[in-house]
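One-letter residues, chain by chain:
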Amino acid sequence: MSFSPAEKTKVIKDYATFEGDTGSTQVQIAVLTHRINNLSSHLTGNKKDKHGQRGLQLLVGQRNRLSRYMRDSQPEAYKKLIERLGLRR
């Protein structure tokens, strides 16, 4: 369930648009997607973890807001990112 700093660094490097890019919309969406996937796999085995479910809902909402912003401001980059992450839109 945990998201180690090494995994986070790898995700950031994979989705960064330039050297030192840690806060762009693409990187934020990629990190959130990785966290959502980890938490979802945790919740399949721990169905009564209500606090985990709440955290998952918050993460999904945050990713949706960022995705909507990116879709409106950078449509081409948004399409590439969604395809690369394997998200449905």
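Preceding this paragraph is the structure being described.
The shown structure was predicted, so the numbers you read here are calculated from the model rather than taken from an experiment.

Draft legend 1. How the structure looks around the side chain of S24. Tracing the backbone shows S24 in the loop between α1 (5–15) and α2 (25–45). Reaching out from S24, the side chain makes a polar contact with the side chain of D21 at a distance of 2.9 Å.

Draft legend 2. Structural detail: helix α4 (residues 75–85). Taken as a whole, α4 has its buried residues at Y78, L81, I82 and L85. For α4, the arc enclosing every buried residue in end-on projection is 100°, short of the 170-degree limit, so these residues lie on one face. Exposed residues pointing more than 90 degrees away from the buried face of α4 are listed as E76, K79, K80, E83 and R84. In this structure, the buried side of α4 is in contact with α1, α2 and α3 (50–73). In the stretch just after α4, G86 is the one whose phi turns positive, near 80°.

Thresholds applied
- Residues numbered from 1 in each chain as written.
- Predicted model: local features only at pLDDT ≥ 70, side-chain atom pairs only at ≥ 80, totals over all residues.
- Heavy atoms only, no water.
- Helix = DSSP H or I, 4+ residues; strand = E, 2+ residues; numbered from the N terminus.
- Polar contact = N/O pair within 3.5 Å; in protein donor to acceptor, adjacent residues only side chain to side chain.
- Buried < 20%, exposed > 50% of the residue type's maximum accessible area, 1.4 Å probe, protein only.
- Arc of directions from axis to C-beta.
- Contact = heavy atoms within 4.5 Å.

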